[in-house]
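# Residue-level structural notes
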Amino acid sequence: MVTRAVASEPDGTSVPRTFAASAADTGSELVARLGASRTAGSWLSAAGKPVVAVTDEEAAAAVRKAGAEAKMVDHSMDDLRSATSTLRSAPRVAGTAWVMDYRSNEVVVKGDSTVSAADWSRMTQLADGMGGFVRMERAEGTFTTRLNGALPLLSTAGRCSAGFNVTDGQRDFILTAGHCGPDGSVWFADTRGTQQIGQTIRQNFPGSDFSLVQYASGKAGAGAEVVSIGEGKGVRITGAADPAVGQRVFRSGSTSGLRDGEVTALNATVNYPEGTVTGLIETNVCAEPGDSGGPMFSEGVALGVTSGGSGDCASGGTTFFQPVTKAMAALNVKLIVAAPNGSGQGAAPAPSATQSAIAPGEASPGSSAPITGEGAVTLLARLADPKNVGPGLLVIAGSLCALVATRFIRAEQDRKAYRRHYSTTWG
């Protein structure tokens, strides 16, 4: 216990931002400042450091001066965007998708098992004509929407997942996937249709993939800032942001539960059978039918809602997410986060975040009850109890000896990784 406490102790220099968010902002700001003709995207390295793709030495020097890592590439963001524009203008082929892979400096075109040999040959010829930076890649399975979260929503249209609770200041809503159902869809918490949750009042799909379900009561209720991750636990959501390539993320869904992975690309285009969706987040997190609309988050920050993908959680696969920031901007709503007094009804995103799992108790779709129980009792408070001073000192002494003996064995990299993903849970 002491070893874990020391390894988790904050250094006193932390700012009210997550490590991933701060690093991602550095990369994004450099890309914006240097321009699309001199850069080709940014991402996070395995160590969490921002990396920026640049096309000339002057830009590389500016990146290094800002404390980021520069990678020289042949093709600028303008080149990558030109290639994707050409792909969009070609005849649509269901079962295909493409992304700008910043790390390889390529546009990657993917085709699932439903794409015919003739269509694939035609797209390959198109890619060859754009230059050597467009890569063709076959994907296993099929690109499908994941209809059928973190808690289930049921209607005649099918089964989906509740994403995040949002508000317009007067009414509360569930933000979920747009393909889950059209305007007017009525959602229930049970298969018999006796526990009505609410009704879809606005849908955007295809094009984007988000919808707004208005609560029947008008309010989300207590614990609206918590999303379920299964087994009676939840994660408190404290803000919303855009992710970075290379960032570790978590997804929760009613079919496959809590899963984690990495953001592999941004601004992805997917040609589902129902239509084309653009501006998606590509990840290597798995998902299965029924996970649609479920929340994706990192360090307590809301990032996206599950759209679709290929594969499953037995063999792995690719999953795409609708960015929550763009959905909320289009819908003119704000995320419901924990208010300063802990009421959970604050509408403005909080600056800090937590990835810690908590016990939500009784939960309604899209929300969970507030934190209760012994989880609020700290280790130091227990050690300070007079009844535990004697045994506590013995435990501390033994643990400190073990800590000194094993300190040189413990890898500093592990400690940094723990800080990066869970830093804001300290203290």
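Conventions we followed
Residues numbered from 1 in each chain as written. Predicted model: local features only at pLDDT ≥ 70, side-chain atom pairs only at ≥ 80, totals over all residues. Heavy atoms only, no water. UniProt positions renumbered as here; feature names shortened; annotations may be inferred. Helix = DSSP H or I, 4+ residues; strand = E, 2+ residues; numbered from the N terminus. Contact = heavy atoms within 4.5 Å. Buried < 20%, exposed > 50% of the residue type's maximum accessible area, 1.4 Å probe, protein only. Pairing = 2+ DSSP bridges. Core = buried A, V, L, I, M, F, W, Y, C linked by side-chain atoms within 4.5 Å.

In the nomenclature of an unreviewed UniProt entry, the chain is known as S1 family peptidase of Streptomyces osmaniensis. Taken verbatim from the UniProt record of the chain, the Sequence similarities (unreviewed entry) comment is "Belongs to the peptidase S1 family."

## Considering the environment of glutamate 274
Turning to its location among the elements, glutamate 274 is positioned in the loop between β19 (257-272) and β20 (275-283). As for glutamate 274 and phenylalanine 205, which are separated by 69 residues in sequence, their C-alpha atoms are 8.8 Å apart. Once residues within four sequence positions are removed from consideration, glutamate 274 is found in contact with Arg92, Thr145, Phe205 and Pro206.

## Some words on the pairing of strand β1 (residues 39-44)
With six of six residues buried, β1 is to be regarded as a mostly interior element. The pairing of β1 with strand β2 (residues 50-54) spans four bridges and is antiparallel. The partner of threonine 39 across the bridge, within β2, is valine 54. Here β1 hands over to β2 after five residues, with glycine 48 in that stretch at a positive phi of 90°.

## Considerations on the nonpolar core
Leu87, Tyr102, Val107, Val109 and Val134 are the most contacted members of the largest nonpolar core, which has 32 residues in total. Sorting the residues of this core by element identifies β1, β2, α4 (77-89), β4 (96-101), β5 (106-111), α5 (117-129), β19 and β22 (301-312) as the ones contributing at least two each. It is α4 that provides the largest number of residues to this core, a total of four residues. Apart from residues no more than four positions distant in its own chain, valine 134 is found in contact with Ala83, Val107, Val109 and Ala127. Listed in part, the 21 residues of the second largest apolar core include Phe210, Val227, Ile237 and Leu335.

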